[in-house]
Structure formats: structure tokens, C-alpha cells
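# Inside the fold
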Amino acid sequence: MNKTILCIGAGYVGGPTMAMIASKCPDYRVTVVDVNPQRIAAWNSDDLPIYEPGLDDLVRETRGKNLFFSTDVEGAIRDNDIIFVSVNTPTKTFGAGAGMAADLQYWEKTARQILENADSSKIVIEKSTLPVKTALAMERILNSQANGISFDVLSNPEFLAEGSAIRDLENPDRVLIGSRETDRGRQARNAILEIYARWIPRERILTTNIWSSELSKLVANAFLAQRISSINTISALCEKTEADVAEVARAVGMDSRIGAKFLNASVGFGGSCFKKDILNLVYLCRFYGLEEVADYWERVVGINIYQQERFIMSMLTAMFNTLAGKRICLLGFAFKANTGDTRESPAIFIARRLAEEHAEVVISDPKALGNARLDLAKIDGAFHYIEDPYEAAKGCHALAIMTEWDIYRSLDYEKIYEKMDKPAFIFDGRNILDHKRCFQIGFNVYPIGKPPLTQFEV
Ligand code: NAD
Ligand code: UGA
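Fair warning: this is a prediction, and the values are worked out from it, not measured in the lab.

Reading guide: rules and limits
- Residues numbered from 1 in each chain as written.
- Chains lettered and ligands numbered in written order.
- Predicted model: local features only at pLDDT ≥ 70, side-chain atom pairs only at ≥ 80, totals over all residues.
- Heavy atoms only, no water.
- Near = heavy atom within 4 Å.
- Polar contact = N/O pair within 3.5 Å; in protein donor to acceptor, adjacent residues only side chain to side chain.
- Areas by Shrake-Rupley, 256 points an atom, 1.4 Å probe, with all protein chains shown as cover.
- Helix = DSSP H or I, 4+ residues; strand = E, 2+ residues; numbered from the N terminus.
- Nonpolar A, V, L, I, M, F, W, Y, C, P; charged D, E, K, R; others polar.
- Core = buried A, V, L, I, M, F, W, Y, C linked by side-chain atoms within 4.5 Å.
- Buried < 20%, exposed > 50% of the residue type's maximum accessible area, 1.4 Å probe, protein only.
- Contact = heavy atoms within 4.5 Å.
- Axes fitted to C-alpha atoms, helices over the stretch in contact; angles between N-to-C directions.
- Parallel < 35°, antiparallel > 145°, perpendicular 65-115°, else oblique.
- Left-handed = near helix turned anticlockwise from the far one by under 90°.
- Disulfide = S-S within 2.5 Å.
- Pairing = 2+ DSSP bridges.
- Phe/Tyr/Trp six-rings, centres within 6.5 Å; stacked < 30°, edge-to-face > 60°.

The next subject is the site of ligand 1. Near ligand 1 lie 26 residues; those nearest to it are D34, R39, T89, E162 and K276. The backbone of V13 places a nitrogen or oxygen atom 2.9 Å from an oxygen atom of ligand 1. In the environment of ligand 1, an oxygen atom lies 3.0 Å from a nitrogen or oxygen atom belonging to the side chain of R343. For ligand 1, whose free accessible area comes to 840 Å², the fraction covered by protein is 92%. Broken down by element, the residue count for the shell around ligand 1 peaks at three residues, all from helix α5 (residues 105-117). When its residues are assigned to classes, the shell around ligand 1 shows eight nonpolar, 11 polar and seven charged.

What follows is the structure, encoded as C-alpha cells:
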């Protein structure tokens, strides 16, 4: 087999993952294709379509040598026998399962494109996150024509997190490869295993049956999101009882059976995947008649909405029960730090709700203002976009920290306070500021899951 690899879908997963493979396997020729010509043009330019620390260097090192970006999907299918498919699988917005099930139209279109253009046998690898049993549908489509060409379908879900994608790809906790337990399945699995084994210790490359692999990806995201929703419910109780959620999280997380990660209470989780993957899991459970299981996981998403609404209600009640005409600065719009991605960012929810309360919203973010503009384009409201946080805060009644960007930890809050309307408020949706210091400056400070520090008699 030629040492060539194709990835269909040049998004947040396809681009960085293939850049890492190209870097670690210089003897492989890696091609990434996409139907979106602007995206491919950006991958071929100095202004990559996504912001991810370390990505520019990796692409610079490999592009034009053994990493290529192209719009020629059909030609690339003919030229490559190992095909990763990393197209988007968003939540369905129409018909049966709308708002819950995964929309598999892009996925199925890719399967049909592979079938139409293949003139030799292929290994097709599910990189996208998919409902369990999707590989069966893929196999049925691919093997629907008796043309002598064989297709082996594998599952190799991606676990990288945005903002740390390059680190995660270089040093993953595990790589998961699911395959059929047949001679051909094992052979296909070995071809992929050989690629990852170039830089990942063998004991961290996990091989399972194909359905376990598909399901494990949904379950990993569901468990991660569940931890955040769990600590967020406790943040609500802390606010009623003068307990401090950070202290509780620390005390609980030091139990090695529980672990310390993913216990930061926040305004809520965002990102393109947690909500969609849990809803997909919920849909699957209902499909199989497991109503109780579905209800259990659905609450994880319900609590995330509750937490965002709680944040708005805390702003409203603290600011004398009206936000109308008040100018409120959102510091951060990305769904997390170190990315420009705003998909499902809690900031979108908060901005929309503030607009509904007739507040004027100033949005600041070092990397996400372009996406913020697109997200809010269809929402009625007074939105301003100002990158410089000092300028953004000028004349505002309140600051709300939406993203845990490092720069927000070290701003000169005294200078900011002077430029704001008084009384001035801070709502720290990420618990990243020095709350006592902000209170001493004169702010009324509302963290998540900790007693507020207010300048007024309560
Ligand atoms: P994305 O939207 O950034 O990228 C998907 C790309 O696929 C788009 O550029 C789109 O134009 C392209 N595409 C769609 N149909 C195509 C076709 N028929 N031919 C060629 N290109 C096509 O999505 P993403 O964030 O990279 O996610 C991709 C998959 O990986 C999803 O299933 C997601 O759940 C999963 N995932 C994402 C992340 C993440 O951090 N974003 C992490 C792990 C897994
Ligand atoms: C998540 C998973 O962590 C990845 O393993 C997975 O591959 C990916 O989803 C995916 O399938 O798309 P990502 O969404 O990029 O990655 O980022 P996370 O670090 O998981 O953060 C998700 C959200 O949870 C962010 O809004 C973050 O701010 C929030 N969060 C995270 C908290 O509110 N508290 C925490 O303790 C941790």
C-alpha cells in the first residue's frame, strides 16, 4: 500500500490532526480536502482558518512538503487508500429527531463520494463523532455495488480539546481504534496503528470492537460534561450557604477516585460537541427504549441551561432588577480560552438574554470577535465589538467574564474601574479574578459559587 493518507474535512479536527500526522510521519504524503474553497485557501495561506496555539508552526513545517490542502475531493479519493473522514456531524435541525439526533447528511454524502470515485480498495476511518452503529451504515453504502472493490470501515474518534489541540495530539491520553474482528478488520487496524505508533507508546493505543469505539467517544464527552454540570449544581448551593465552590471542588477532587480535573464551576460549558454529543446519546437511548437512561443524561444539558440563566438572574437582581439601558461589557466570547471558536459559547446565550433585557452589550475578545459578529448578526440588540478591554469597559455598568483568557487575569482593574459607571459590578463567570482585590478597588463582585463581595449593606 502507498504511504498516502487522505482526510475529508478540513475543520478543527481534520486540519490539526493531519498536520500532526504529517509532522510525525514524514514518509507519508498527507492530503486534506474540503468542499469549502475559502477554508482550503486559508489553510494554504499565512492566515489559517482556525486559531490554535502551536498550529502555525506545525503547518509551516509540513505544508508543501508532505501536507497538502485541496478542494479536489474526487481526485484525492482516487489517489489515496487510507481515508479519514472528519466532516461535521451537527445536531439535526429538521424532521425526525430534530434538536437531538446527529445530522448524518454530510457523513453519508462523503460515503457516497468515496464509493463513486474509488477504483481500488480503501480503508475508511470514522474520525467524526458518530452515533453507535454508524459504521454499519457506512459499510452497507460502500459495499452496495458488486464492483470488486472492498472497503474496510474503522472507528478512530478524536479526543483533542480546542485550545490544547496540538499538545493533545502530540501526547494523547489514548488513541482509540475500533475495528471488525476479522482478518481484514485486523489488517486495516494495523495499518492505522502503525501510523500512530510512530510517536505514541503502544500501551496508549487502545483497540476495541468498532461499536465500543463509536460509543466511547459519546460517553467520554458525556462524562466530562456531567462533571461540569455536577459542580455547577453545587455552585448554586454554595451561593445559598456561604460555602466556596472552589474549596469544595479542591476537597472533593483530591480524592484520587474522583480526580481534580474538570471541576471548575463556570457560567456553563460551551463548544461544538458536549451538547450535541449528549443529545445524540439521549436520542440513541430513547431509540432503544431506555427512557430512564435518556432522562438522566438529558439533565446534564438541562443543568447547563439552568446555570446560564442563573448567571443572568444574578446580574439582574444585583443590578437593582433592571438592565434596560445599562451598558455591559462581556470580557471574552470564545467558548474557552486559546481558541477563536464560539460554537455554543455561553457568551451567545448571555448576550442574547442581555439584549432581551434591553441592555447594551459590548463584546471584547482577543481572537473571537469575527465569530461573535456572525453569531449575533441575527439577534436583535445593541451589540458593540471592541477588542481592547480598557476601551470596551469604558462607560460600562458591569463587566462579565465569559472566557478564561489569561490576559483578563492581569488587567489593571483600577484603571478599568475609573472608566466605568458607578456603582460598578463584576460578574466573574469563570472565577479567574482576584475577587478581594476587585472589591477593594470598589467593585461589587459576583463570583460563581462563592459569596458575593458587595459595597452595599445587604
Ligand atoms: P468543522 O465544521 O470545523 O469541519 C468539518 C469540515 O468538513 C468543514 O470544513 C466542511 O466544509 C467539511 N465537509 C463537510 N462535508 C464535506 C464533504 N462532503 N466533503 C468534503 N468536506 C466536507 O468540524 P470539526 O469541529 O472539525 O468536527 C468534525 C468532527 O469531529 C465532528 O463530528 C465533531 O463532533 C468531531 N470532533 C470535534 C472536535 C473539536 O474540538 N472541534 C473534537 C473531537 C471530535
Ligand atoms: C471537549 C473534550 O474535552 C474533548 O476531549 C473532545 O474531543 C471535544 O470536546 C470534542 O469532542 O469536541 P472542547 O469542547 O474543545 O473539548 O473543550 P473542553 O476543554 O472540554 O471545554 C468544554 C467547555 O467546558 C468549555 O466551555 C469550558 O470552558 C468548559 N469547562 C471545562 C468548564 O466550565 N469547567 C471545567 O472544569 C472544564
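That covers the picture; the talk isn't over yet.
This brings us to the nonpolar core. I8, I114, M138, L142, F151 and I278 are the most contacted members of the largest nonpolar core, which totals 43 residues. The element that contributes the greatest number of residues to this core is helix α11 (residues 274-287), accounting for seven residues. Residues contacting I8, with those up to four places away along its chain left out, are V33, I77, I83, F84, V85, S86, V87, T110 and I114. Judged by nonpolar contacts, the second largest core, of 42 residues, contains I5, A10, V32 and I50.

Axis separation between α5 and helix α6 (residues 134-142) bottoms out at 9 Å; the angle between their running directions is 30°. On the basis of their axis angle, the class for α5 and α6 is roughly parallel. Crossing of α5 over α6 shows right-handed handedness. Residues W107, E108, A111, R112, I114 and L115 of α5 touch α6, and the partners they reach there are T134, M138, I141 and L142. A class-by-class count of the residues in the contact of α5 with α6 yields seven nonpolar, one polar and two charged.

Here, disulfide denotes a covalent bond that connects the sulfur atoms of two cysteines. Under the counting rule described, the total for this entry stands at zero disulfides. Unpaired in terms of disulfides, C396 finds its nearest cysteine sulfur in C329, a separation of 5.0 Å.

This part is about the sheet that holds strand β13 (residues 425-428). Here we have six strands laid out as an open sheet, ordered β11-β10-β9-β12-β13-β14, and parallel in their pairing. Two strands close off the open sheet at either side, each with one partner strand: β11 (382-385) and β14 (444-446). Direction aside, neighbouring strands of the sheet carry axes that sit 20° apart on average. Summarising the sheet, strand β9 (residues 327-331) and strand β10 (residues 360-364) pair through five bridges and their orientation is parallel. Among the inter-strand pairings, I328 is bridged to a residue of β10, identified as V361. The sheet strands contacting helix α13 (residues 346-356) are β9, β10 and β11, and the helix crosses β9 at an angle near 175°. In this fold helix α14 (residues 369-376) packs onto β10 and β11, with an angle of close to 165° to the strand it touches most, β11.

So, on to the site of ligand 2. The full set close to ligand 2 counts 20 residues, and F159, L160, S266, F335 and R430 are the nearest of them. Here F335 contributes a backbone N or O atom positioned 2.7 Å from an oxygen atom of ligand 2. Within the side chain of R430, one N or O atom sits 2.6 Å away from an oxygen atom of ligand 2. Out of a free accessible area of 700 Å², ligand 2 has 90% covered by protein chains. Broken down by element, the residue count for the shell around ligand 2 peaks at four residues, all from helix α9 (residues 210-241). Here the shell around ligand 2 is composed, by residue class, of 11 nonpolar, four polar and five charged.

Here we take up the environment of K436. Mapped onto the secondary structure, K436 falls in helix α18 (residues 435-441). Residues K436 and K422 lie 14 residues apart in sequence; the distance between their C-alpha atoms is 18 Å.

Under the definition given, this model contains 15 aromatic pairs. Seen from their ring centres, F269 and F274 are 5.6 Å apart, and the 80° between their planes marks the pair as edge-to-face. By relative accessible area, F269 is classed as buried at 8%. Take F274: its relative accessible area is 13%, and that puts it in the buried class. With a centroid separation of 5.2 Å and 25° between ring planes, the pair formed by F427 and Y446 is classed as stacked. Of this pair, F427 sits in strand β13 while Y446 sits in strand β14, placing them 19 residues apart in sequence. The exposure class assigned to Y446 is buried, which follows from its relative accessible area of 16%. Site record: aromatic cluster; members linked through ring pairs are F311, F320, F425, F427, Y446 and F456.

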